[in-house]
Amino acid sequence: MDIIEEIAKAHDLFIVEDCAHAIESKYKGRSTGTIGNLGCYSFYVTKNVITGEGGMVVTDNDEYTERIKIMALHGMTKDAWNRFSDEGYKHYQVVEAGFKYNMTDIQASLGIHQLGRVETYHKRRQEIWARYDQAFEKLACKIPAAIDRQMRHSSHLYPLLLDLDALSIDRDTFLSVLDKENIGTGVHYLPVHLHPFYAKLLGCRPGEHPLAEAIGQRTVSLPLSAKLSDRDVDDVIQAVSGALNYFKR
Ligand SMILES: Cc1ncc(COP(=O)(O)O)c(C=O)c1O
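Small disclaimer: the values here were computed from a predicted structure and weren't measured. (Residues numbered from 1 in each chain as written. Predicted model: local features only at pLDDT ≥ 70, side-chain atom pairs only at ≥ 80, totals over all residues. Heavy atoms only, no water.)

## With respect to the domain arrangement of the chain
Stage number 1. Assigned domains of the chain: these are domain 1 (2-113) and domain 2 (119-246).
Stage number 2. The straight-line distance from the C-alpha centre of domain 1 to that of domain 2 is 30 Å.
Stage number 3. With 11 residues of domain 1 at the contact, the number on the domain 2 side is 10 residues.
Stage number 4. Seen at the junction of domain 1 and domain 2, the total is 1 salt bridge. (Domains from an automatic or database assignment. Contact = heavy atoms within 4.5 Å. Salt bridge = Lys/Arg side-chain N within 4 Å of Asp/Glu carboxyl O.)

Following this line, the structure appears as structure tokens:
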């Protein structure tokens, strides 16, 4: 973030932080989402606070706050949401061509109660993370890089990088092997430039970004939920270690 801030300052750029995976994260003591001009969170079902769909934008700038509120509700003047309040009907005006991006009260009532559990869940995921690190350290894969002391990592995803040279199977076969053991997995992510839409839009071809492609072929995310029991974690460790040992060249 220091480097990003330097670049933004030098070129008069605006920083929007994507904190979809980083509600718990800190950078040199500062919470992610509060470093740039705007911080955006996702409350989609795969995240650490969930309202089904929806999210949140944070900023300390009153001007942005006002415009976000207007744009999120049909471009109507800021008081529009309480136009039917107990104080009687109030006129509203449409001042911009806005969107329908407001969070509903029902969604908010689901999310607000989860805020108090964020730290407890984070702690549990850190425990699982440490167990995975220990179990997979010496196998045909790379465990996630050690976390810099100046950072607080959200421990949202646990990605292993398979050492394909040391294995007789590719990543997708590895996923099927785990699937047969009833272990859910994810891939974060396939390289953006190889998705058909972006490949066409930007004229990208395989081989253009070898590092992203190498990671895209090797990465696999393991179950990492605070709701995993110790027994579930044992099952994941057993299935992953079993497959990596069995398919070792
Ligand atoms: C890193 C990242 N950023 C942004 C998003 C988008 O979030 P939403 O679907 O709530 O708009 C996601 C969703 O999966 C994500 O993983």
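And the narrative resumes.
## Remarks on the side chain of Glu17
Stage number 1. Mapping Glu17 onto the fold places it in strand S1 (residues 16-18).
Stage number 2. Buried charge Glu17 goes without a salt bridge, the closest partner of opposite sign being Arg30 at 7.6 Å.
Stage number 3. Apart from residues lying up to four places away in sequence, Glu17 is in contact with Met1, Thr32, Gly33, Thr34, Ile35, Gly36, Leu38, Gly39 and Cys40. (Helix = DSSP H or I, 4+ residues; strand = E, 2+ residues; numbered from the N terminus. Buried < 20%, exposed > 50% of the residue type's maximum accessible area, 1.4 Å probe, protein only. Lys, Arg positive; Asp, Glu negative; His and termini not counted.)

## Structural notes on the environment of Gly52
Stage number 1. Here Gly52 shows up in the loop between strand S4 (38-42) and strand S5 (55-58).
Stage number 2. Overall, the relative accessible area of 30% leaves Gly52 in the partly exposed class.
Stage number 3. Remark: the alpha-carbon pair of Gly52 and Leu38, spanning 14 residues in sequence, is separated by 22 Å.
Stage number 4. Among residues more than four places away in sequence, those in contact with Gly52 are Phe43, Tyr44 and Val45.

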